[in-house]
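What follows is each chain in one-letter form.
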Amino acid sequence: MFTAMWVAAALAGVIHVLFFCMESLWWTKPAVYRRFRSTEAQALVTRSLAFNQGFYNLFLAAGAFGGLALICAGHRGAGMVLAGWNCASMLGAAVVLAVSAPQMMRGALIQGLPPLVFLAGAVYMRWS
């Protein structure tokens, strides 16, 4: 169970690094703004907002990776808290996306399933 949780948290971190790249580095590239159901004109207008949002995703990824690093360093409790908090934040953002933009459900699932797996595993380990 712990291995599946670790992989899920790492995958969640990687996905959020990719969101950082798309939002902060590649936002005005056609393949990216189309993925976010936007146009070139909208991408140019929203570039600074996307840049900022991308860093939120990078910080969430860093928190998940930091938690995993703490676990590997033998600080399991602190690592679980750090990874858990960041995974809960990732899941919360995915729920907000799903509710506020149902047409982006696929993105919400991609964003939310790995942290949900981590959190479900943490709850299971805590109560079993």
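Read on for a plain summary of the structure.

About the cut-offs
Residues numbered from 1 in each chain as written. Predicted model: local features only at pLDDT ≥ 70, side-chain atom pairs only at ≥ 80, totals over all residues. Heavy atoms only, no water. Helix = DSSP H or I, 4+ residues; strand = E, 2+ residues; numbered from the N terminus. Buried < 20%, exposed > 50% of the residue type's maximum accessible area, 1.4 Å probe, protein only. Polar contact = N/O pair within 3.5 Å; in protein donor to acceptor, adjacent residues only side chain to side chain. Contact = heavy atoms within 4.5 Å. Axes fitted to C-alpha atoms, helices over the stretch in contact; angles between N-to-C directions. Parallel < 35°, antiparallel > 145°, perpendicular 65-115°, else oblique. Left-handed = near helix turned anticlockwise from the far one by under 90°. Nonpolar A, V, L, I, M, F, W, Y, C, P; charged D, E, K, R; others polar. Core = buried A, V, L, I, M, F, W, Y, C linked by side-chain atoms within 4.5 Å. Phe/Tyr/Trp six-rings, centres within 6.5 Å; stacked < 30°, edge-to-face > 60°. Lys NZ or Arg CZ within 6 Å of the ring centre and 35° of its normal.

Some thoughts on the side chain of Asn-57
Here Asn-57 is to be found in helix α4 (residues 47-72). Take Asn-57: its relative accessible area is 8%, and that puts it in the buried class. In this structure the side chain of Asn-57 is engaged in a polar contact, spanning 2.7 Å, whose partner is the side chain of Glu-23. Apart from residues lying up to four places away in sequence, Asn-57 is in contact with His-16, Phe-19, Phe-20 and Glu-23.

Description of the packing of helix α1 (residues 2-25) against helix α5 (residues 76-100)
Working note: a packed helix pair is described by the angle between its axes plus the distance between those axes. Interaxial distance between α1 and α5 falls to 11 Å at its minimum, and their mutual angle equals 50°. By the angle class used here, α1 and α5 are oblique. Crossing of α1 over α5 shows left-handed handedness. On α5, the residues touching Phe-2, Met-5, Ala-9, Ala-12, Gly-13 and His-16 of α1 are Arg-76, Met-80, Cys-87 and Met-90.

So, the packing of α1 against helix α6 (residues 105-127)
At a closest axis distance of 8 Å, the pairing of α1 and α6 adopts a crossing angle of 155°. On the basis of the axis angle, α1 is roughly antiparallel to α6. For the crossing formed where α1 meets α6, the hand is left-handed. Touching Phe-2, Met-5, Ala-8, Ala-9, Leu-11, Ala-12, Ile-15, His-16 and Phe-19 of α1 are Ile-110, Gln-111, Pro-114, Pro-115, Val-117, Phe-118, Gly-121, Ala-122 and Met-125, all from α6. Residues that form the contact of α1 with α6 fall into these classes: 15 nonpolar, three polar and no charged.

Focus: the nonpolar core
Core analysis: the biggest nonpolar cluster contains eleven residues, these being Met-5, Ala-8, Ala-9, Ala-10, Leu-68, Ile-71, Met-80, Ala-83, Cys-87, Phe-118 and Leu-119. If you list the elements that add at least two residues to this core, you get α1, α4, α5 and α6. Tallying contributions element by element places α1 first for this core, with four residues. With residues near it in sequence (within four places) discarded, Phe-118 still touches Met-5, Ala-8, Ala-9, Met-80, Ala-83, Gly-84 and Cys-87. By size, the runner-up hydrophobic cluster in this structure holds eight residues, among which are Ile-15, Val-32, Tyr-33 and Ala-50.

Remarks on the packing of aromatic side chains
Across all of its chains, the model carries four aromatic pairs by this definition. Through successive ring pairs, a cluster of aromatic residues spans Phe-20, Phe-51, Phe-55 and Phe-59. Sitting over the face of the ring of Phe-2, Arg-76 holds its NZ or CZ atom 4.2 Å from the ring centroid. The ring of Trp-127 carries the charged tip of Arg-126 above its face, separated from the ring centre by 5.8 Å.

Here we look at unusual backbone geometry
Keep in mind that most residues, glycine aside, have a negative phi and that most peptide bonds are trans. One non-glycine residue, Arg-37, lies in the positive phi region at around 55°. Position of Arg-37 relative to the elements: it lies in the loop between α2 (30-35) and α3 (40-45).

So, the environment of Ala-62
Tracing the sequence through the fold places Ala-62 in helix α4. With a relative accessible area of 44%, Ala-62 lands in the partly exposed category. Separated by 22 residues in the primary sequence, Ala-62 and Glu-40 have C-alpha atoms spaced 30 Å apart.

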